[in-house]
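Descriptive structure summary
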Amino acid sequence: MKLLQVENLHVNVQGEPILKGLTLSIDAGEVHAIMGPNGSGKSTLAAVLAGRPGYEPVDGEVRFLGEDLMALEPEARAHLGMFLAFQYPVEIPGVSNMEFLKAALDSHHAALGRPQASAVEFMKRVRALAATLDLSPEFLKRGVNEGFSGGEKKRNEILQMLLLEPRLAVLDETDSGLDIDALQVVAAGVNGFRRDDNGVLLITHYQRLLDHIVPDQVHVLSGGRIVQSGDRTLALKLEREGYGWLAT
Amino acid sequence: MSESSVENLVNREYQAGFVTDIESDTLPPGLDESVVRFISAKKGEPEWLTDWRLAAFRGWQAMPEPRWAHVHYPPIDFQAISYYSAPRTQGDGPKSLDEVDPELLRTYERLGIPLHEQEILAGVVTDRAPGDALRDMPNVAVDAVFDSVSIATTFKAKLREAGVIFCSISEAVREHPELVRRYLGSVVPKSDNYYAALNSAVFSDGSFVYIPEGVRCPMELSTYFRINAQNTGQFERTLIVADKGAYVSYLEGCTAPMRDENQLHAAVVELVALEDAEIKYSTVQNWYPGDAEGKGGIYNFVTKRGVCKGDRAKISWTQVETGSAITWKYPSVVLRGHDSVGEFYSVALTNNRQQADTGTKMIHIGRNTRSTIISKGISAGRSSNAYRGLVRTSPTAAGARNFTQCDSLLIGGECGAHTFPYIENGCESAVIEHEATTSKVSDEQLFLCQQRGIDAEKAVSMIVNGFCKDVFRELPMEFAVEAGKLLEVSLEGAVG
């Protein structure tokens, strides 16, 4: 089953073309990794899938679960099952993590016509998920990302992913700034998330993440297009040889 | 206040903007000594009070209109305002509830202030079954002020048992002249400032509270102010005295119809806390703010001040200001008693074309006096929001301490936030701390929320509520809920 189908996607940022004909297809049950040099358009791909303002699709098509993704508001994409783990999660002072998670989950339930979770069952579930990520209950009372360490912010993104159970999780450099212990916790979270009916798109600079989350396919993004695809051995080759050997 | 009445109060758009069709006795517009005498005579006031009003009026005539606030408006024509308007059926002041015009009761019911139902709790009417929602409402005694007069005060008998006096100020002048004479103008003198002088001359009603020595007031007291008549100013006067060791929590709410003309509201509130007494004064101000283009709305020019007269007295102001076209108010505390405490917690939100210049004054005179100021200003639309605060320590205030935190939150790029702190430290051993921040609801924050499925409007209200948490915590429970919802409504359309 097709989760995501990107065809010849062109995206401008402030009038400047960044993605120039990107094509990508992800099936349910798959993990894809996108690698590439700085400025190749990796984060632009993540942003445009989630609908971040300022990222303007000018050509091509994106289908997500059969729907025209670019026609949807960011929150509608989220409700459909598109999740972005941010590279730099922003702080929202004064809004507790718990309150934020509840509002997010409630919005999904409301959009999908499901009954709201009761406060008690919600708390139980969040606490249990947090524990799997080594996050204490205290952490849930703090403001969203407020004063969190880099590792805590990234684990908080994974917590949100596990709670909202999206169909496609796009992880934008979630491994950057993580020490090896935190990386393992995050990877365990992602591996626990994987199911036959969902998918993961990893955007990363480093091969080491792929030791922990094994991808089905690796793509190299360069100059706004995917220039090479392969299995995980491609990532190992990139680590040995860099990007210089690729024709751009 | 129940959930449904909260909804009534804050329903989308300005739900309180309706007009009650009721016959009123209204003075023709204009202001001179005869108007002052008319009001005083109408109230059957003693000579000393008439003279006091006239002295205030003469003082006011000689004063220039203040222009220092960071607000802009065309000159006010004080001769175009009517200074007295009372529902005709009301006769001479508050009566028992059975005698109040049903149209007035309906007005308060629509506003979520069900005067009847409040009384049911007091046992006046007993045909409600246990478990009826109305029985579960919190006990709040209400003084309802409609235009220039108080139309009813609930729970008076029950309060009386505890020795608490809660009535309209007109009634207090008649029934407790010694208390009124002793304290009226003792905190805000009749010549204090332009609008206080005007109020002293023409105040028509308001609430009076006296808590005797050692008494903890058995329920929350509240006054609900409603402006209804056109071209009428509301000039109410509130006086609260907490005798030694007494405690009272007092709430105030305000609404007005939507009208194209600006209307003036110039109130004076005086608080007196004697030795070991505590007064907690909370306001949720939701006067009509004018339309999106700035047409109409209330000019809210108010003087509020309390004095901690005795040692260890405490006065705490909490305000949530979301309404009015222009707000100009500085609830203050004079810390005269040793070890006395003053607090000011404020949320001021301006949207569209609203303007606010609000803050506080903490005047430290006694030894080891302490004050805390937490101010949260939120600006949206094309509004302007200023914090203005004075912290003064006199040489006698050894060991005085102040902590001020003043935060501004901007929504969109067309609004303004300003901070004008004044620190006058006359005491070497005093410690004064001031912290200020300005932040914006950023596109990144909104996008994070939207990516998690939360729409932009809900996201803004969540972010603003988070920003105000330190202040909402100080509000009585029912008011905190109301305040949160009120912010949500006031922010309507703030995100593009």
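Residues numbered from 1 in each chain as written. Chains lettered and ligands numbered in written order. Predicted model: local features only at pLDDT ≥ 70, side-chain atom pairs only at ≥ 80, totals over all residues.

1. Examining the overall build of chain B
- Scanning chain B from terminus to terminus reveals 13 helices and 23 strands.
- The buried share of chain B, taken over its 496 residues, is 55%. (Helix = DSSP H or I, 4+ residues; strand = E, 2+ residues; numbered from the N terminus. Buried ≥ 20, exposed ≤ 12 C-beta atoms within 10 Å, placed from the backbone.)

2. Points about the packing of helix 2 (residues 33-42) of chain B against helix 3 (residues 47-61) of chain B
All names here are of chain B.
- Running from amino to carboxyl end, helix 2 crosses helix 3 at an angle of 150°, the nearest separation of the two axes being 10 Å. Considered as vectors, helix 2 and helix 3 are oriented roughly antiparallel to each other. Judged by the sense of rotation from one axis to the other, the crossing of helix 2 with helix 3 is right-handed. Facing Glu33, Val36, Arg37 and Ser40 of helix 2, the residues of helix 3 in contact are Leu49, Thr50, Arg53, Leu54 and Phe57.
- In terms of residue class, the contact of helix 2 with helix 3 is built from 4 nonpolar, 2 polar and 3 charged. (Axes fitted to C-alpha atoms, helices over the stretch in contact; angles between N-to-C directions. Parallel < 35°, antiparallel > 145°, perpendicular 65-115°, else oblique. Left-handed = near helix turned anticlockwise from the far one by under 90°. Contact = placed C-beta atoms within 7 Å. Nonpolar A, V, L, I, M, F, W, Y, C, P; charged D, E, K, R; others polar.)

3. Quick notes on helix 9 (residues 232-241) of chain A
Residue and element names in this part refer to chain A.
- Buried residues of helix 9: Leu234, Ala235 and Leu238, and no others. In an axial view of helix 9, the angular spread of the buried residues amounts to 100°, which keeps them on one side of the axis. Opposite the buried face of helix 9, at more than 90 degrees from it, the exposed residues are Thr233, Arg240 and Glu241.
- Of the residues flanking the end of helix 9, it is Gly242, one or two places downstream, whose phi is positive at about 75°. (Arc of directions from axis to C-beta.)

4. Quick notes on the sheet that holds strand 5 (residues 67-68) of chain A
Residues and elements named next belong to chain A.
- Ordered in space as 2-1-4-5, the 4 strands form an open sheet in which the pairing is antiparallel. Looking at strand neighbours, the two that pair on one side only are strand 2 (16-27) and strand 5, the edges of this open sheet.
- Strand direction decides the pairing type here: strand 1 (residues 2-13) and strand 4 (residues 55-64), joined by 8 bridges, are antiparallel. Note that in strand 4 the partner of Glu7 across the bridge is Glu61. (Pairing = 2+ DSSP bridges.)

5. Considerations on the interface of chain B and chain A
- Across the boundary between the two partners, chain B contributes 18 residues, which contact 23 residues of chain A.
- Mapped onto the side of chain B that touches chain A, the elements with two or more residues apiece are helix 10 (443-451) and helix 11 (456-467) of chain B.
- Per-element tally for the side of chain B that touches chain A: the top contributor is helix 10 of chain B, with 7 residues.
- Grouping the constituent residues of the side of chain B that touches chain A by class yields 6 nonpolar, 6 polar and 6 charged.

6. Focus: helix 3 (residues 97-111) of chain A
Residues and elements named next belong to chain A.
- With 15 residues, helix 3 extends 21 Å from end C-alpha to end C-alpha; this agrees with the ideal 21 Å at 1.5 Å per step.
- Taken together, the buried positions of helix 3 are occupied by Asn97, Met98, Phe100, Leu101, Ala104, Leu105, Ser107 and His108.
- Where helix 3 is buried, its residues contact helix 2 (74-80), strand 7 (92-96), helix 4 (119-132), helix 5 (137-141), strand 8 (143-144) and helix 6 (150-164).
- With its phi angle positive at about 65°, Gly113 sits one or two positions after the end of helix 3. (Expected span 1.5 Å × (residues − 1).)

7. With respect to the nonpolar core
- Grouped together as the largest cluster of nonpolar side chains are 203 residues, with contacts concentrated most on Leu168 and Val170 of chain A together with Val209, Ala242, Val248 and Ala273 of chain B.
- Contacts of Ala273 of chain B, omitting those with residues within four sequence positions, involve Ala242, Glu278, Ile279, Gly306, Cys308, Lys309, Gly310, Ala313, Lys314 and Ile315 of chain B. (Core = buried A, V, L, I, M, F, W, Y, C linked by C-beta atoms within 7 Å.)

8. What about the confidence of the model for chain B?
All names here are of chain B.
- When pLDDT is averaged across chain B, the result is 82; 82% of the residues are at 70 or more.
- Within chain B, strand 16 (residues 332-335) carries the highest mean pLDDT (98), whereas helix 1 (residues 3-10) carries the lowest (30).
- Segment residues 1-12: pLDDT under 50, and 27 contacts once partners within four positions in sequence are set aside and those in other chains are kept.
- Under a pLDDT of 50 for its full length, residues 117-138 has, in the predicted model, 24 contacts with residues more than four places off or in other chains.
- Of the two predicted TM-score estimates for the complex, the pTM is 0.80 and the ipTM is 0.95. (pLDDT = per-residue confidence, 0-100.)

9. Notes on unusual backbone geometry
- Although it is not a glycine, Gln14 of chain A adopts a positive phi angle of roughly 50°.
- On the secondary structure map, Gln14 of chain A appears in the loop between strand 1 and strand 2.
- Not every positive phi belongs to a glycine, and Arg312 of chain B is a case in point at roughly 60°.
- Within the secondary structure, Arg312 of chain B is located in the loop between strand 13 (297-308) and strand 14 (314-321).

10. What to know about the packing of helix 10 of chain B against helix 11 of chain B
Residue and element names in this part refer to chain B.
- Packing of helix 10 against helix 11 brings their axes to within 9 Å, and their N-to-C directions diverge by 120°. By the angle class used here, helix 10 and helix 11 are oblique. In the packing of helix 10 onto helix 11, the handedness of the crossing is right-handed. Only Ala456, Ala459 and Ile463 of helix 11 make contact with helix 10, whose side of the interface consists of Gln445, Leu446, Cys449 and Gln450.
- Class assignment for the residues of the contact of helix 10 with helix 11 results in 5 nonpolar, 2 polar and no charged.

11. Notes on the environment of Val333 of chain B
Residue and element names in this part refer to chain B.
- For Val333, the location among the structural elements is in strand 16.
- For Val333, a count of 32 C-beta atoms within 10 Å puts it in the buried group.
- Setting aside its immediate chain neighbours within four residues, Val333 contacts Gly306, Cys308, Ile315, Gly342, Met362 and Ser371.

12. What about the sheet that holds strand 12 (residues 225-230) of chain A?
Residue and element names in this part refer to chain A.
- An order of 6-9-10-3-11-12 is seen for the 6 strands of this open sheet, with the pairing classed as mixed. Both edges of this open sheet fall to strand 6 (82-85) and strand 12, since each of them pairs with a single strand only. Between one strand axis and the next, the sheet turns through 20° on average, direction left out of account.
- The strands touched by helix 1 (residues 42-50) within the sheet are strand 3 (31-35), strand 6, strand 9 (168-172), strand 10 (199-203) and strand 11 (217-222), with strand 9 carrying the most contacts at an inclination of about 145°.

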